[in-house]
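Per-entry structural report
Now for the letters of each chain:
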Amino acid sequence: MAEQAIGVIGAGTMGSGIAQLAAQSGYDVIIRDVEQELVDEGLDRIKENLAEAEDREIIDDAGATFARVSGTTDIGVVTDEPTFIIEAVPEDMDLKKNVFEELDEHAGPNTVLGSNTSSLPVTEIASAADSPERVIGTHFFNPPVKMELLELITGHHTNDETVDRAEELAEGLGRTSILVDDFPGFATSRLGVILGMEAARMVEQGVASPEDIDTGMEKGYNFPMGPLKLGDYNGWDVRVEIGESLAEELGRDVFKPPTIVKQMVRAGDLGVKTGQGFYNWEDEQ
Ligand SMILES: NC(=O)c1ccc[n+]([C@@H]2O[C@H](COP(=O)([O-])OP(=O)(O)OC[C@H]3O[C@@H](n4cnc5c(N)ncnc54)[C@H](O)[C@@H]3O)[C@@H](O)[C@H]2O)c1
């Protein structure tokens, strides 16, 4: 089934980014948040980003693209037309389960339900739905319009049709998809977090400067961006949270954040978003 309309739950950073990507790819999109003000903020962000994309000649007509996007606070409206709905509410299991219970109740039987979780078990999120076979992890990267990967995560009950529909959607959105089983850290965070934590441990031990460690990986291993710079972009608070949860789930110390990272987080040096991480980003604010 080719999707015509996409529903997005949550109009925050990722929800608005996914909605923008879908609109740019030719889909009609309806985005839902809990308050009208939040819906409007999400829509404004999409409108601004589309105008910028037009200025940079990435799209032809920002107005026509934005006309494909609408917003609502009503669960009945967001589940009315779309046959693929992507949840992008905060990373909280109870919240996500409530959303999936509600979506499962309202959405028609042909609707696939995707979760943009970056670390929570998809199987547990899906357990809130009466039809867990139509639930799949659809993990986009930030910002969704620029990052080409879509990590698809199959829960214990996810069926083949759901996987096919998610892979078709990835193609429709111009993303490259990978298919991953529901293991802690999926395929990307599991490797990415180790690299970031180990690079930070190397700074702590005085092995080399952040610049030299990153340059080593960029020039020697052909990484487009070194692990410390990437951690600054992701935010070390988010990295610490994922690292600690993976250390516990997988029972491996290599995921544990070193003291230098914990101290940076305590001091509020989270990376690009606060202007300081392993690098200074004040000029980029
Ligand atoms: N930010 C990132 O870099 C990133 C990258 C990949 C994945 N993710 C994942 O994406 C998800 C969303 O993250 P975010 O950064 O966009 O969060 P965010 O806080 O920017 O946005 C979440 C939005 O969801 C809304 N919301 C809460 N409950 C809702 C409900 N019941 N119905 C509709 N909307 C509701 C909130 O009001 C908020 O506007 C999380 O699971 C996160 O782990 C984030």
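Quantities reported herein were computed from a predicted structural model and do not represent experimental measurements.

What to know about the domain arrangement of the chain
Segmentation of the chain into domains returns domain 1 (5-181) and domain 2 (189-273). Here the C-alpha centre of domain 2 lies 28 Å away from the C-alpha centre of domain 1.

So, the site of the ligand
In the vicinity of the ligand, 22 residues are found, and the nearest of them are M14, D33, E91, K96 and S118. For the ligand, an oxygen atom lies 3.3 Å from a polar atom in the side chain of N142. Expressed as a share of its isolated accessible area of 830 Å², the protein-covered part of the ligand is 76%. Elements represented by at least two residues in the shell around the ligand include exactly α1 (13-24), α5 (93-106) and β6 (135-140). A total of three residues in the shell around the ligand trace back to one element, the largest contributor, which is α5. The class makeup of the residues in the shell around the ligand is 10 nonpolar, eight polar and four charged.

Observations concerning the side chain of R201
You can see R201 is positioned in helix α8 (residues 188-204). Overall, the relative accessible area of 17% leaves R201 in the buried class. Those residues in contact with R201 that lie beyond four places of it in its chain are D253, V254, K256 and P258.

Definitions and cut-offs
Residues numbered from 1 in each chain as written. Predicted model: local features only at pLDDT ≥ 70, side-chain atom pairs only at ≥ 80, totals over all residues. Heavy atoms only, no water. Domains from an automatic or database assignment. Near = heavy atom within 4 Å. Polar contact = N/O pair within 3.5 Å; in protein donor to acceptor, adjacent residues only side chain to side chain. Areas by Shrake-Rupley, 256 points an atom, 1.4 Å probe, with all protein chains shown as cover. Helix = DSSP H or I, 4+ residues; strand = E, 2+ residues; numbered from the N terminus. Nonpolar A, V, L, I, M, F, W, Y, C, P; charged D, E, K, R; others polar. Buried < 20%, exposed > 50% of the residue type's maximum accessible area, 1.4 Å probe, protein only. Contact = heavy atoms within 4.5 Å.

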